[in-house]
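Here is how the chains run, residue by residue.
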Amino acid sequence: MAQAKVPPAPVVKAIDRIRQHLSRLSRRMVPPPIEMLELVLGAWVSQAIQVAAALGIADALAGGPLPATELAERVGADPDGVDRLMRALVSRGVFRRHRDGRYGLNALGETLRSKSEPSMRPAGLFYGSHQQREHWSHLLDAVRTGKPVVESLRGKEFFDYLGDDPEFAGLFNDAMTGMSEMTVQPAVAAYDFSRYSTIVDVGGGHGRLLAEILGATPSARGVLYDLPDVVASAPKLLAEFGLTDRVDVQGGSFFDAVPGGGDAYVMKHIIHDWADEQSLTILRNIRAAIKPGASLLLLEFVIPDDDSDFIGKWIDLEMLVQAGGRERTAEQYRSLLAKAGFRMTGIVPTAAPISVVEAVPA
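Only a predicted model underlies this, so the values are computations on that prediction, with no experimental measurement involved.

Calculation criteria
- Residues numbered from 1 in each chain as written.
- Predicted model: local features only at pLDDT ≥ 70, side-chain atom pairs only at ≥ 80, totals over all residues.
- Heavy atoms only, no water.
- UniProt positions renumbered as here; feature names shortened; annotations may be inferred.
- Helix = DSSP H or I, 4+ residues; strand = E, 2+ residues; numbered from the N terminus.
- Phe/Tyr/Trp six-rings, centres within 6.5 Å; stacked < 30°, edge-to-face > 60°.
- Buried < 20%, exposed > 50% of the residue type's maximum accessible area, 1.4 Å probe, protein only.
- Lys NZ or Arg CZ within 6 Å of the ring centre and 35° of its normal.
- Pairing = 2+ DSSP bridges.
- Right-handed = clockwise from strand over helix to strand, strands pointing away.
- 1 Å grid on protein atoms, 1.4 Å probe; cavity = no way out; pocket = protein on both sides within 12 Å on 5 of 7 lines; lining within 4 Å.
- Points joined across faces, edges and corners; volume = space filled by probe spheres on them.
- Nonpolar A, V, L, I, M, F, W, Y, C, P; charged D, E, K, R; others polar.
- Core = buried A, V, L, I, M, F, W, Y, C linked by side-chain atoms within 4.5 Å.
- Contact = heavy atoms within 4.5 Å.
- Patch = residues over 30% accessible without salt bridge, like charges linked within 9 Å, V, L, I, M, F, W, Y side chains within 5 Å.
- Areas by Shrake-Rupley, 256 points an atom, 1.4 Å probe, with all protein chains shown as cover.
- Salt bridge = Lys/Arg side-chain N within 4 Å of Asp/Glu carboxyl O.
- Polar contact = N/O pair within 3.5 Å; in protein donor to acceptor, adjacent residues only side chain to side chain.

**Some words on the UniProt feature "domain: O-methyltransferase C-terminal" (unreviewed entry) in the chain**
Mapped onto the present numbering, the UniProt feature "domain: O-methyltransferase C-terminal" (unreviewed entry) falls on residues 136-343. Structurally, residues 136-343 is divided into 48% helix and 16% strand, and its ends, taken at the C-alpha atoms, are 36 Å apart.

**Structural notes on the packing of aromatic side chains**
Evaluated as defined, the whole model comprises 13 aromatic pairs. Between Phe301 and Phe310, the ring centres sit 6.2 Å apart and the planes meet at 80 degrees, which makes this aromatic pair edge-to-face. Each member of the pair Phe301 and Phe310 is classed as buried. Its end group placed over the ring of Tyr333, Arg328 keeps NZ or CZ at 6.0 Å from the ring centre.

**Remarks on the pairing of strand β4 (residues 221-226)**
Of all the six residues making up β4, five are buried; the element is thus mostly covered by neighbouring parts of the structure. By the bridge criterion, five bridges tie strand β3 (residues 198-202) to β4 in an arrangement that is parallel. In the sheet register, Asp201 faces β4, and the bridge partner there is Leu224. Following the chain from β3 across helix α14 (residues 208-216) to the adjacent parallel β4, one finds a crossover that is right-handed. Where β4 and strand β5 (residues 247-251) come together, five bridges link them in parallel fashion. Within β5, the position partnered with Leu224 by the bridge is Val249.

**Quick look at empty space enclosed by the protein**
Evaluated as defined, the whole model comprises one cavity of 30 Å³ or more. Empty space within the largest cavity amounts to approximately 40 Å³. A class-by-class count of the residues in the lining of the largest cavity yields four nonpolar, no polar and two charged.

**Details of the nonpolar core**
Of all hydrophobic cores here, the largest spans 32 residues; its most connected members are Phe193, Ile199, Val266 and Leu297. In terms of residues, this core owes the most to one element, α14, which gives five residues. When sequence neighbours within four positions are dropped, the list of residues in contact with Leu297 reads Tyr191, Phe193, Tyr196, Ala264, Tyr265, Val266, Met267, Val356, Val357 and Glu358. In this structure, Leu280, Leu283, Ala340 and Val357 belong to the second largest nonpolar core, which totals 29 residues.

**Quick word on a nonpolar patch on the surface**
The grouping of Ile18, Leu22, Leu25 and Met29 at the surface amounts to a nonpolar patch, some 430 Å² of accessible area in total. Its location among the elements puts Met29 in the loop between α1 (9-28) and α2 (32-40).

**Regarding the pattern of salt bridges**
According to the stated counting rule, one finds 13 salt bridges in the structure shown. Across the pair Glu70 and Arg74 runs a salt bridge whose closest N-O atoms are separated by 3.1 Å. A residue pair is termed a helical-turn pair when its members lie 3 or 4 positions apart in one helix, as Glu70 and Arg74 do in helix α5 (residues 68-75) at four residues. When the shortest N-O distance is used, the salt bridge between Arg195 and Glu358 registers 3.5 Å. Separated by 163 residues along the polypeptide, Arg195 in the loop between α13 (166-190) and β3 and Glu358 in strand β10 (residues 354-361) bring together distant segments of the chain. Glu358 sits in the buried class, given a relative accessible area of 13%. Taken together, the shared-partner salt bridges in this structure form one network comprising Glu181, Arg208 and Glu212.

**What about the side chain of Ser279?**
As for its position among the elements, Ser279 is in helix α17 (residues 276-289). In this structure the side chain of Ser279 is engaged in a polar contact, spanning 3.4 Å, whose partner is the backbone oxygen of Ile271. Apart from the residues lying within four places of it in its own chain, the contact partners of Ser279 are Ile271, Trp274, Arg328 and Leu336.

Below, the structure is given as structure tokens:
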């Protein structure tokens, strides 16, 4: 598959600092009540995006701009309702309106196409779903108790609940896949995997990250490890990348054990799903399997020690509400890894919001 060009991480971080400065400047120029009202109404923007995603508006516009009446006919909705929806979204930079009144795609609207790479349509559907909105409506309970709300609402923990709601599980899995696409290439571009001959992807799903790593390191081999029903679909993806003969697919739970023999053990967005107790179980299982001189690499959001706006701070609230996990600061990772028998050796930023947390056996 074609490799997208990833900008250098320092350039991306510099641009982000400029964005932060401009955002703060913009807020100072607006009366505080107006600014607060706009923040409060942010939930409406998310819901409008969910509706556009559910109707398939971006896909309908893929062939070119359309007037509201024709757009409504293609997506099976009321013309006046579509016109009002699009007018609101255009005002926030999602889609564009041409001088003749027709609606069309722009850069943000393009991300809601089903065939965009990566597509944010699944994220729009998942985070705007009634189940997810119900979970977040109990944020107050989560903050008061420090515990996730899904178990009290659904009678079981989040990942178990997914098995009872196939529709919601499908939305979740598709959203995680689409969001993962934003991070795999920046991670591989930022970190040198060429020093490792055998790379074990723990909790690696269908193998998308491992495929990207092996594509950049032709001499390496991989081990893909996840629950049996998850890795059952991996051979298809690995075949698409021409990696069938270079990856050993193994099924199992990282709460029980992990495969031995790796030079590097990689986990992407795994530890953030769990509280410290469960995270230590996973990390200690890797510690028991890892050989001297091998590396542990965690691809995670690392919360900065400042007051900047950072997406990981909001994902952290999602972890609180949903699964009881958390995003962590560098010092929290250092401490957690030490308790599991590792020594953190560095944090490598990427062009995406995630970093590579590197550790070795202590």
